[in-house]
Amino acid sequence: MTKSELFTRITKKKFYISAKIIKFLVRNILEYMVFSLEKGNRIEIRGFGSFSLNYRCARVGRNPKTGQKIYLKEKYIPRFKPGKQLRDRTNYIHQNI
């Protein structure tokens, strides 16, 4: 689902709220989440999951095409861990198809 699809779905369900307000709210929520991760904070949404940063040390990798050594810098990678309720719901849906 793209951000614009999310706007459209919410607007259809909450027709009494203007689309402009919905776009403003969704953009601000996502921006605040990004801002929190930039500061190194963990984000937890109960029943959905948590977002955090994983640290990766500097290392030597290889270009799979040429086999040449590549030196990779240390970095932080955003990570999403689904909550139990989300895992259970998605597993139930896919097991009953």
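- An unreviewed UniProt entry annotates the chain as Integration host factor subunit beta originating from Buchnera aphidicola.
- According to the UniProt record, the Sequence similarities (unreviewed entry) comment for the chain reads "Belongs to the bacterial histone-like protein family."

1. Points about the overall build of the chain
So, point 1. Across its full length, the chain carries three helices and five strands.
So, point 2. For the chain, the N- to C-terminal ordering of α and β elements is α-α-β-β-β-β-β-α.
So, point 3. The principal-axis extents of the C-alpha atoms in the chain amount to approximately 60 × 35 × 30 Å.
So, point 4. By residue count, 12% of the 97 residues in the chain fall in the buried class.
So, point 5. Restricting the contact set of the chain to residue pairs at least 6 apart, pairs at least 24 apart contribute 28%.
So, point 6. For the chain, the accessible area works out to roughly 8800 Å², and carbon and sulfur atoms hold 56% of it.

2. Concerning the domain arrangement of the chain
Interface size is often expressed as the accessible area that is lost when the parts come together.
So, point 1. Partitioning the chain into domains gives domain 1 (1–41) and domain 2 (42–96).
So, point 2. For the pairing of domain 1 and domain 2, the buried interface totals around 490 Å² over both sides, and the portion due to carbon and sulfur atoms is 82%.
So, point 3. Considering only the side of domain 1, the residues that lose the most area to domain 2 are Met-33, Leu-37 and Asn-41, jointly responsible for 90% of the buried surface there.
So, point 4. Our count for the contact surface shared by domain 1 and domain 2 stands at zero salt bridges.
So, point 5. Counting across the interface, domain 1 meets domain 2 through zero residue pairs in polar contact (both at pLDDT 80 or more).
So, point 6. Its residues placed into classes, the side of domain 1 that touches domain 2 shows two nonpolar, three polar and no charged.

3. Looking at the environment of Ile-45
So, point 1. Relative to the assigned elements, Ile-45 resides in strand S1 (residues 43–45).
So, point 2. Once the C-alpha coordinates of Ile-45 and Pro-82 are considered, the two residues, 37 residues apart in sequence, prove to be 9.5 Å apart.
So, point 3. With near-sequence residues (within four places) excluded, Ile-45 lies in contact with Met-33 and Phe-51.

Rules and cut-offs
Residues numbered from 1 in each chain as written. Predicted model: local features only at pLDDT ≥ 70, side-chain atom pairs only at ≥ 80, totals over all residues. Heavy atoms only, no water. UniProt positions renumbered as here; feature names shortened; annotations may be inferred. Helix = DSSP H or I, 4+ residues; strand = E, 2+ residues; numbered from the N terminus. Buried < 20%, exposed > 50% of the residue type's maximum accessible area, 1.4 Å probe, protein only. Contact = heavy atoms within 4.5 Å. Areas by Shrake-Rupley, 256 points an atom, 1.4 Å probe, with all protein chains shown as cover. Domains from an automatic or database assignment. Buried area = accessible area lost by both parts, 1.4 Å probe. Salt bridge = Lys/Arg side-chain N within 4 Å of Asp/Glu carboxyl O. Polar contact = N/O pair within 3.5 Å; in protein donor to acceptor, adjacent residues only side chain to side chain. Nonpolar A, V, L, I, M, F, W, Y, C, P; charged D, E, K, R; others polar.

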